[in-house]
Amino acid sequence: MTQTDPTRTTDLTDDRNPWPALWALVIGFFMILVDSTIVSVAVPAIMTGLGAGVTEVIWVTSAYLLAYAVPLLITGRLGDRFGPKTIYLVGLTVFTLASLWCGLTGTVEELIVARAVQGLGASMMTPQTMAVITRTFPAARRGGAMALWGATAGIATLVGPVLGGVLVDGPGWEWIFFVNVPVGVVAFVLAARLVPQLPTHTHSFDWVGVILSAVAMFLLVFGIQEGESYDWGTITGIVSVPLLIGAGVLALALAVGWWAVMRREPLVPLGLFRDRNFSLANGGISLVSFAVTGMAFPFMLWAQVVHGYSPTRAGLLLVPMAVASFVLAPVVGRLVDRMHPRGLSAFGFLGAAAAMFWLSRAMGPDTQVWQIMAPIGLFGVASAFLWAPLGTTATRNLPLDAAGAGSGVYNATRQVGAVLGSAAIAAVIETRLVAHLGPVAESAGAGGAPAQGMGGALPPQIAAGYSDAMADAMLVPAAALALGVLIAVAFARPAHFGQPAPRG
């Protein structure tokens, strides 16, 4: 295996422009992010088409998220060992074929299995996109690349619900999966042609760390994600949600202890966390992911259940957010390479928290569309000041031979934040519905609405309470983003601007 010269700041040994490779990778990254949200719009259609119940259909999403989140630490390290291009192309192939399988399934059980395979493919792809940025862009010019990476995530938040609504209302729910096939083929051809074969690094593989981290991630993600479904109590026999989460924490503690004493190369080099900015950026991205996931659920329920909007129309409400984030991404990218990350990310967290609070206060049964455009737009502006500064700050000092490991940790943290956001918002919605609707809340749980409200706006006697419950739930992501301000102000100034920062 080839080694990286420790004096180099990138793995490109020629004058090749790294941007075409990044654009090629972004196509696949965009596709898997869209797939994280698009299925939620199709849930009623899938239930009807496959004759499935609510619990079964929930697992269509849960299986994907579990298979996506659990292997991220491992797949990030595989990129260091076998090359990010190789692992990315394998993952893209798995994801694309699994998407075809999802569309062809005839039972909900088969769809759940296919979605799990799809999530595995996504987990192989995601860390490689960030690793390629780290290894091909000099640290002092990484802001623009991370801005594109972050803008992709922001746009995907919009496209998922909108595209899902259009496809479900048109050719049918199967096409939310079939559409991935031509996109996947194009992404494979472009990545094969444009992404360079970067040097690989001789690593011993930490099988003990692999097993402990996989068990820990599975137990934690499953327990947190499915806790609300079991009322945070017993699942079966003596197995309970608290027991699973506790076992997950224990397995994670054992993994960390193992990595601390392991003399050869651990799966997660704990030395990465000696860089204060890397540690803080991981905390920051988890809060961002928590908030983005948490705000989407109550906002979509408010739009579709309280106001009777179609899935497509509800998704279009997020257009100002996506447009603002996309337009500002290159501007913020240039600022990241010139300014202290503390000010940029603090502005992002503060603006995003204010936008969520403003949106919460604006959401009501009689709210007009124009009244929520400003807070939605502000959230898009603030988001642009979060993704690129956090990603660049996390990777600025990463050694090139640990780019995959660092990317795996960062993306695993991001995904766990999303799972926590989903679980927290479901619990809060349930609580607030009971508070505002009382007995009626039994037919308006966190995953649905009163039967008479489905397919149209709620009756006036229920609409106010349901709307208030969704508005209250929006305060949870607002609080998470406000906490992010404390992380932002603790960032240390990178060693140098205008030239690569020192590594290690």
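Report on the accompanying structure.

Cut-off values and rules
- The residue count restarts for each chain, going from 1 along the sequence in the order it is written.
- In view of the model being predicted, local features appear only for residues whose pLDDT reaches at least 70, and side-chain atom pairs are presented and counted only at 80 or more, with totals across whole chains, interfaces and linings using the full set of residues.
- Each side-chain value is worked out from all heavy atoms of the structure, with water and hydrogens disregarded.
- Note that patches include only residues with greater than 30% relative accessible area and no salt bridge, and the join distances are 9 Å for like charges and 5 Å for nonpolar side chains (Val, Leu, Ile, Met, Phe, Trp, Tyr).
- All accessible-area figures derive from a Shrake-Rupley calculation using a 1.4 Å probe, and residue coverage is judged against the displayed protein chains alone.
- We count a salt bridge whenever a side-chain nitrogen from Lys or Arg sits within 4 Å of a carboxyl oxygen from Asp or Glu.
- Strands here are runs of E lasting at least two residues and helices are runs of H or I lasting at least four, both read from the DSSP assignment and numbered beginning at the N terminus.
- The contact criterion used throughout is that any non-hydrogen atoms of two residues lie within 4.5 Å.
- Lines are fitted to the C-alpha atoms to define the axes, a helix being fitted only along its stretch in contact, and any angle between axes, read from their N-to-C directions, falls within 0 to 180 degrees.
- Oblique is the label for any angle not covered by the other classes, which are roughly parallel (under 35 degrees), roughly antiparallel (over 145) and roughly perpendicular (65 to 115).
- Crossing handedness: left-handed means the near helix sits turned counterclockwise from the far one by under a right angle, and right-handed means the same turn made clockwise.
- Classification used: nonpolar for Ala, Val, Leu, Ile, Met, Phe, Trp, Tyr, Cys and Pro, charged for Asp, Glu, Lys and Arg, polar for all others including Gly.
- Here, expected helix span is obtained from the residue count minus one, scaled by 1.5 Å.
- The rule is simple: take the accessible area with a 1.4 Å probe, protein chains only, and divide by the maximum for that residue type; under 20% is buried, over 50% is exposed, in between is partly exposed.

1. Thoughts on a nonpolar patch on the surface
A surface patch of nonpolar side chains, amounting to about 240 Å² of accessible area, comprises Val185, Phe188 and Val189. With respect to the element layout, Phe188 can be found in helix α8 (residues 180–194).

2. Observations regarding the environment of Val476
Tracing the sequence through the fold places Val476 in helix α18 (residues 475–489). On a C-alpha basis, the gap between Val476 and Gly294 in space is 7.5 Å, while along the polypeptide they are 182 residues apart. Excluding residues that lie within four positions of it along the chain, Val476 makes contacts with Phe290, Ile425 and Val428.

3. Some points on the packing of helix α11 (residues 276–306) against α18
A pair of packed helices is characterised by two quantities: the angle between their axes and the separation of those axes. Contact geometry for α11 and α18: axes closest at 8 Å, N-to-C directions at 165°. Looking at the two axes, α11 sits roughly antiparallel to α18. Handedness of the crossing formed by α11 with α18: left-handed. Every residue of α18 that contacts α11 at Leu280, Gly283, Gly284, Leu287, Phe290, Ala291, Gly294 and Met295 is listed here: Val476, Pro477, Ala480, Leu481, Leu483, Gly484 and Ile487. Partitioned by chemical class, the residues of the contact of α11 with α18 number eleven nonpolar, four polar and no charged.

4. Concerning helix α17 (residues 460–473)
The end-to-end C-alpha distance of α17 is 20 Å, a good match for the 20 Å that 14 residues give at a rise of 1.5 Å each. Along α17, ten of the 14 residues are buried, which leaves the element largely enclosed by surrounding structure. Looking at α17, one finds that the buried residues are Ile462, Ala463, Gly465, Tyr466, Ser467, Ala469, Met470, Ala471, Asp472 and Ala473.

5. Some remarks on helix α5 (residues 108–136)
When the terminal C-alpha atoms of α5 are compared, their 42 Å separation across 29 residues agrees well with the 42 Å that a helix rising 1.5 Å per residue should span. The element α5 is extensively covered by neighbouring structure, given that 23 of its 29 residues are classed as buried.

6. Details of the environment of Gly51
With respect to the helices, strands and loops of the structure, Gly51 is situated in the loop between α1 (19–50) and α2 (54–69). Note on Gly51: relative accessible area 66%, which makes it exposed. C-alpha separation for the pair Gly51 and Val108, spaced 57 residues apart in sequence, amounts to 8.0 Å.

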